[in-house]
Amino acid sequence: MTELTLGRVTADRDRLLRLLQQYGVYAGVVVLLLANTVFTPHFLSAENFRTQAVQVAPVLIVALGMALAIGSEGVDLSVGSVMALSTSLISLYLGYGPWIAALAAVIGGIVVGCANGALIAFVGVQPIVATLALMVAGRGLALVLLPQLKDVRDPGMAALGSGDVLGVPYLVLIAAALALVVAFVVRRTTFGRQLLAIGDSRPAARLAGLPVRRVLIIVYVCSGALAAIAGVLATARLTASDPTSLGTLMELSAITAVVVGGTPLSGGRVRIGGTVAGAVLIQLLTTTLIKHDLPPSWTQIAQAVVIVLAVYAARERGKR
Amino acid sequence: MLSVSGLTKTFPGVRALSGVDFTARAGEVHALIGENGAGKSTLIKVLTGVHRPDEGEVTYDGSPVRFATPLQAQHAGISTIYQEVNLVPLMSVARNLFLGREPRGPLGLIDFRRMHREADAALRELGVRVDVRRPLRELGVGVQQMVALARAVSVDARVVIMDEPTSSLEPREVRTLFRVIRMLRERGIAVIYVSHRLDELYEICDAVTVLRDGRVVHTGRMAELERLRLVALMLGREIGEVQGEGLTKFSGGHDAEAEPVLRAEELTVRHELHGVSLSVRPGEVVGLGGLLGSGRSETAKAIAGALPTDSGRVLVAGVPVRPGSTPAAIRAGISLLPEDRKAEGIVPGLSVRENIALAALPGLSRFGLVDEGRIDRIVDTFMKRLRIKAAGPHQKVGELSGGNQQKVLLARWLAMQPKVLLLDEPTRGIDVGAKAEVQKLIDELADDGLGVLLISSDTEELIEGSDRVVVLKDGVVVEELTGDAVTEDRLMRAIATAPAGTGDPDD
Ligand SMILES: Nc1ncnc2c1ncn2[C@@H]1O[C@H](COP(=O)(O)OP(=O)(O)OP(=O)(O)O)[C@@H](O)[C@H]1O
Ligand SMILES: [Mg+2]
């Protein structure tokens, strides 16, 4: 009899874990919102929400690209360095006007993405190794182009960083638009389907005649381009180019957002809604701790706890 | 010896087993039979601790047991060959054979010498000669099955369970397997045997249990159950209906003068194929005969661009195909149903629907956007025609029964409307009802001008299905049987004869 109930309990626990994996992140966001409403003074203000949203935008944009990479059973560690490269390129090309500078930054991201993709798809290097190489090389290049911090004084950039439409900052609008585009691409396009198939079973995808290499290259190009856009937006917001520190540890935040959002590290599935919520969750967590005067190192510990929880919920659920 | 009562197991959305009673006795071979998705593999997995039952009791050797892991079951003396070959592909044959019980030397290190010697002896006894140091992955599915068999019988088991052990075996290996089973039976071991090949069941089994939709619909002596009645029980139909339908075979009418739709010229792959040439005309089904490792799967893969060739070329309707590229071959109209469906076929985490549409996607999209409506229609058609048993089109393929996964793969390639279809063991693991349906479907496609290259270890299917049979041996075409010469006897003789230039007649 006890054994019978044991069987039920395992089944129930499996169901619970699945729910936790799929919706836990949304629940987490709601809980943090409610808790802050009650315990944090001045939390419920339009101004505060705007600040939070603006801060989360770059992380979210990077996480979108990361979600694609992880969905293809890969990872992109070079995103933080791409942001740094992006900010250096902006300073370098600002003389030609903000548009040209932004374009140069995005092209830089695409080039890095191509390099990642080529190493992975043609040379067959493991994604973690290939993108680690470009993580190191990217930051190095950024520092060669712009050895130290430099102010960005450009009205166009300033407007991008702090302007808004009907009270919604440009940064937030851009991040939301990109999230919608990526979600659409994943769900509705041939590329999206092929990406998931490749992430789930590479040999099967190859034998089914899918253009495996092309898809992989596009994935890393997207990731690079998105990270570069995040770099542009962060530069505009800070009105400064700081290739030494911009984007450091960004890859970790992005991976956390993706994994917490319910995208498994083993590939074959991408949850964009969850990724958005995951980015918001991390942001709220950080704010909560800061507003209650806890040292920043606590944020990292909290982040670690959340990752462990997410990975636990997502681990290969027992097949029993 | 091993029995269960009132066993129930549900998966989300499916009741795989309900109230199953089943007993395996010592010294008896017990057949477990049923349609794809009837619950055979699930029952076995519950017996061996892979799945945990929702309700019911397992009794082993007179006392109730519940194995928490397959390892526990193994230690208790239940040894299992699972349907999907469950070995470690990167490890050597010998390591796989002795996994978890490697012979140790004085320092507690693995004694590789002894392990290799013993592994070699164990396989030789089963008539398999391979270099036991090679990684398992390099061998065909058939040899892998023999390794799994050797592993299962070399432990001191009291119950041996075999889930479709013969699906990739040649007649010769099947004989060996049966010899082993008889030996087990004499030793008083209980054997549970799952297969879709009825002949085998009648030959080797003493008792039979028929499952349908997770319920036991019959259990009794094998010899007392008439063949037609067995099929009727399995499919849940009247005997008359089954008889009326018969078991459809390929009919294969075609124009002998027509330009070949597929021509392979002098395909050479180092160590695998040596100048293999063959052609297939529209509407024709060409069989590839030969033993395990004779190069049949390699030929199919080389034609489909999945195996890089050193020389030779492939033409579809007279137009050369870029070699070594699967997408190019597919664009030219060549589809390959691969042999190893688990590793190379299905995408387990995606739904039935996505899997069926996978290869045909570019054709089902406009400007890179997927046309959901058309996919729904195609998926619906094939799920009905092939009787794919799933909770719905959105169920993950990894959760389907083995035979149903095979059907999903078939649907994927049929949905491509190819010009040439290369089928490597197309009906492996498929139940009798669906087998007839698959053959009928292939026949219809052949009428529309499709050329089919058929590989099957089921000799009967090969002989009856093919208009011509090209016989391979050691990567060389040794004979081509046409017309009245397409008989089992001639095939056997062609296989047995050594080709000119090769010294070893029984390799
Ligand atoms: N892990 C799982 N999750 C969900 N459903 C499952 C799972 N495993 C099996 N099923 C379902 O249980 C049913 C029985 O499957 P099972 O594998 O036992 O069939 P089978 O009789 O072995 O068929 P086959 O002849 O095709 O091997 C099927 O409908 C299958 O879809
Ligand atoms: Mg099965």
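Residues numbered from 1 in each chain as written. Chains lettered and ligands numbered in written order. Predicted model: local features only at pLDDT ≥ 70, side-chain atom pairs only at ≥ 80, totals over all residues. Heavy atoms only, no water.

Enquirer: Give a detailed account of the overall build of chain A, specifying residues and quantitative values.
Expert: Along the backbone of chain A there are 13 helices and 4 strands. On C-alpha atoms alone, chain A measures out to a radius of gyration of 20 Å, which is about the 20 Å that the 2.2 N^0.38 rule sets for 320 residues. Dimensions of chain A, computed from C-alpha atoms along their principal axes, come out at roughly 75 × 55 × 35 Å. About 14700 Å² of surface is accessible on chain A, with carbon and sulfur atoms providing 70% of the total. A gap of 9 Å separates the mean positions of the 23 positive and 14 negative side-chain charges of chain A. (Helix = DSSP H or I, 4+ residues; strand = E, 2+ residues; numbered from the N terminus. Rg over C-alpha atoms; globule rule 2.2 N^0.38 Å. Areas by Shrake-Rupley, 256 points an atom, 1.4 Å probe, with all protein chains shown as cover. Lys, Arg positive; Asp, Glu negative; His and termini not counted. Charge placed at Lys NZ, Arg CZ, Asp CG, Glu CD.)

Enquirer: So what's going on with empty space enclosed by the protein? Residues and values would help.
Expert: Residue and element names in this part refer to chain B. The final tally for this structure, using the stated rule, is 8 cavities of 30 Å³ or more. Estimates place the volume of the largest cavity at around 130 Å³. Around the largest cavity, the lining comprises 16 residues; the ones closest to its centre are S167, R197, T427, R428 and G429. Looking at the lining of the largest cavity, you find at least three residues from each of domain 1 (2-245) and domain 2 (262-497). (1 Å grid on protein atoms, 1.4 Å probe; cavity = no way out; pocket = protein on both sides within 12 Å on 5 of 7 lines; lining within 4 Å. Points joined across faces, edges and corners; volume = space filled by probe spheres on them. Domains from an automatic or database assignment.)

Enquirer: Describe the layout of surface pockets, with residues and values.
Expert: All names here are of chain A. One number sums up the size of the second largest pocket: a volume of about 1100 Å³. The wall of the second largest pocket is formed by 35 residues, among which V59, T248, M250, S253 and Q283 lie closest to the centre. Where the lining of the second largest pocket is concerned, the elements lending two or more residues are helix 2 (46-71), helix 10 (212-238), helix 11 (250-260), helix 12 (272-291) and helix 13 (296-314). Counted by class, the lining of the second largest pocket contains 21 nonpolar, 12 polar and 2 charged residues. (Nonpolar A, V, L, I, M, F, W, Y, C, P; charged D, E, K, R; others polar.)

Enquirer: Can you tell me about the pairing of strand 1 (residues 2-11) of chain B, naming the residues and giving the values?
Expert: Moving residue by residue along a regular strand, the side chains alternate between the two faces of the sheet. All names here are of chain B. Across 5 bridges, the pairing between strand 1 and strand 4 (residues 55-60) is antiparallel. Bridge pairing in strand 4 links V4 to V58. The pairing of strand 1 with strand 2 (residues 14-24) spans 7 bridges and is classified as antiparallel. Looking across to strand 2, one finds that L7 is bridged to V20. Between strand 1 and strand 2, which pair antiparallel one after the other, the connecting turn spans 2 residues, and G13 there sits at a positive phi close to 90 degrees. (Pairing = 2+ DSSP bridges.)

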